[in-house]
Each structure stands twice: as C-alpha cells, then as structure tokens.
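# Commentary on secondary and tertiary structure
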Amino acid sequence: MPQRPAPEREFTMRFTSTSRGARLARRLVSHRLDNWGHPYTTPVNETLTLITSELTTNAVRHAHVPGRDFHVQLTLVEGIFRIEVTDTRDEKQPPASPPATDSLSESGRGLLLVAALADGWGVSSRRAAPGKTVWAELRVRTKGHPLTHRVAPEPTDVDLLLATASLLRDGLGSRPEEASHGGRRQ
C-alpha cells in the first residue's frame, strides 16, 4: 500500500453531533485556514468553509447517533487541502453522485455544492470502528487561490447553489419583507 506524505498542516477535533457542533466546526476550520495564511475572504477559505458546513450538517442531520460525536480533520499535503468528516453510522451512506433535486425543495443540495466546489470527494469506511468518513479535496496554488483547471457548473447552477448556501447559512424562515433594522420594520 503506498504511503501518504506527512501533512504540512493538520487540524483535528471532535464535535458534538448537534447543529451547534456543526456551526463550531465550520468556524474553527475557517479560523484555522486564516491562521495558515488563507484569510477569511479568500476563495480557499470561503470554499473550504462552505464544504465543511455541508459535510458537518450532513453528519448531524443524516448520521446522528445520540451520545456520539463526529470528527473533523483538515490537512494540507502538497498543495491539496483535504477535509474529512467522520461519523459513527455506516448504514447511512451518501449516494455515489449527488442526486438531482426538485428546484422547489428546501434541502438536498449539500452534496451538489460539495461536488461543484471540490476537486474530488468521496466516502470511505472507518478502519477501527463503525461509521464512515466523507471527504473532499481542494487543490490550491501557493498564493492561496484554488486552481482554475476545474470545469465550472453552468451559471444557473452556481446561482442556485449560492442561493441555497445563503438560505442554509442565514436560516430558511426569514423573508426580506420581514427584515427589521434598528427594531423597526422597513
């Protein structure tokens, strides 16, 4: 079996299998990337933070086992960032390719986002315990920008993916007409 090179950078942590744990994982990955020279507003940081958000949310929603945590590992090896989210449910495997979703559906686009943003992603079984690891990789240049050799999705798909990500990040229940500023409705 070929040996993998030692990571240049590595961040590993366990989180509670709750929405708060998923949110904390996303924030700590973003913070760690900032510490590693990829500031918050760079494409690398924003892309990996969004991928982390999708993978950890899936771990909480679809693989939650009461009393069991999920594990996040972020590594950088030879210009490739790899984010891994490990949970304890192996019977709930994500599909090999992201499923098509109904345009009116409020969920089901997480893996579409991951597939569109990552250079590669997949699922592997845990070695020493029940469960699985869902991973995604992103190649970067030394300046911190993703490589541009990937084929981008159609603009309408990108718009849909970004709108979905925005809804997931900001909450599905708010509507522009319900927004308030300074305690007053606009």
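Here the structure is shown first, and the text comes after it.
Residues numbered from 1 in each chain as written. Predicted model: local features only at pLDDT ≥ 70, side-chain atom pairs only at ≥ 80, totals over all residues. Heavy atoms only, no water.

Here the focus is the overall build of the protein. Along the backbone of the protein there are four helices and seven strands. The linear arrangement of helices and strands in the protein, starting from the amino end, is β-α-α-β-β-α-β-β-α-β-β. In the protein, which comprises 186 residues, the proportion classed as buried is 35%. By sequence separation, contacts in the protein at least 24 residues apart represent 63% of the contacts at least 6 residues apart. (Helix = DSSP H or I, 4+ residues; strand = E, 2+ residues; numbered from the N terminus. Buried < 20%, exposed > 50% of the residue type's maximum accessible area, 1.4 Å probe, protein only. Contact = heavy atoms within 4.5 Å.)

Our focus in this paragraph is the nonpolar core. Judged by nonpolar contacts, the single largest core of 28 residues is most densely connected at Leu-55, Phe-70, Val-72, Leu-74, Phe-81, Ile-83 and Ala-136. Broken down by secondary-structure element, the contributors of at least two residues to this core are strand 1 (9-15), helix 1 (19-35), helix 2 (43-62), strand 2 (70-77), strand 3 (80-87), helix 3 (110-117) and strand 5 (132-139). Those residues within four positions of Ile-83 in sequence are excluded, and the remaining contacts are Val-29, Ile-51, Thr-52, Leu-55, Val-72, Gln-73, Leu-74, Val-134, Trp-135 and Ala-136. (Core = buried A, V, L, I, M, F, W, Y, C linked by side-chain atoms within 4.5 Å.)

Let us now look at the environment of Ser-125. The topology assignment puts Ser-125 in strand 4 (residues 120-125). In sequence terms Ser-125 and Thr-88 are 37 residues apart; their C-alpha atoms lie 9.9 Å from each other. Residues in contact with Ser-125, not counting those within four places in the same chain, are Gly-131 and Lys-132.

Our next topic: the packing of helix 2 against helix 3. Closest axis-to-axis distance for the helix 2/helix 3 pair is 9 Å, and the angle between their directions is 150°. Our classification of the angle between helix 2 and helix 3 gives roughly antiparallel. Along this stretch, helix 2 crosses helix 3, giving a crossing that reads as left-handed. Together, Thr-47, Leu-50, Ile-51, Glu-54, Leu-55 and Asn-58 of helix 2 and Gly-110, Leu-111, Leu-113, Val-114 and Leu-117 of helix 3 make up the contact between the two elements. (Axes fitted to C-alpha atoms, helices over the stretch in contact; angles between N-to-C directions. Parallel < 35°, antiparallel > 145°, perpendicular 65-115°, else oblique. Left-handed = near helix turned anticlockwise from the far one by under 90°.)

Another aspect to go through is the pattern of salt bridges. Any two side chains of opposite charge can pair, on the condition that their charged atoms come close. Tallying each qualifying case throughout the model produces four salt bridges. Between Arg-14 and Asp-69 there is a salt bridge, with its nearest N and O atoms 3.7 Å apart. One end of the pair, Arg-14, is in strand 1; the other, Asp-69, is in the loop between helix 2 and strand 2, with 55 residues separating them in the sequence. In this structure, the salt-bridge partner of Lys-132 is Asp-87, at a minimum N-O distance of 2.9 Å. Here the residue Lys-132 occupies a position in strand 5, and Asp-87 occupies one in strand 3, the gap between them amounting to 45 residues. Several salt bridges converge on common partners, so that one network encompasses Arg-82, Glu-84 and Glu-137. (Salt bridge = Lys/Arg side-chain N within 4 Å of Asp/Glu carboxyl O.)

Attention now goes to the pairing of strand 5. The element strand 5 is largely enclosed, with a buried count of six among its eight residues. As judged from the eight bridges shared by strand 3 and strand 5, these two strands associate in the antiparallel manner. Paired with Val-85 across the two strands is Val-134, which belongs to strand 5. Strand direction decides the pairing type here: strand 4 and strand 5, joined by six bridges, are antiparallel. By the bridge assignment for strand 5, Ser-125 is matched with Lys-132. (Pairing = 2+ DSSP bridges.)

Moving on to the packing of helix 1 against helix 2. Across the interface, helix 1 lies against helix 2 with an axial gap of 9 Å and an inter-helix angle of 160°. By the angle between their directions, the pair helix 1 and helix 2 is classed as roughly antiparallel. Read as a crossing pair, helix 1 and helix 2 show a hand that is right-handed. Together, Ser-19, Ala-22, Ala-25, Arg-26, Val-29, Ser-30, Leu-33 and Asp-34 of helix 1 and Val-44, Asn-45, Leu-48, Thr-49, Thr-52, Ser-53, Thr-56, Thr-57 and Val-60 of helix 2 make up the contact between the two elements. Of the residues assigned to the contact of helix 1 with helix 2, the class counts are seven nonpolar, eight polar and two charged. (Nonpolar A, V, L, I, M, F, W, Y, C, P; charged D, E, K, R; others polar.)

According to the relative accessible area criterion, Asp-87 is buried, its value standing at 5%. Side-chain polar atoms of Asp-87 contact the side chain of Lys-132, separated by 2.9 Å. For Asp-87, the contacting residues outside a window of four places in its chain are Ala-59, Ala-63, Arg-126, Pro-130, Gly-131 and Lys-132. (Polar contact = N/O pair within 3.5 Å; in protein donor to acceptor, adjacent residues only side chain to side chain.)

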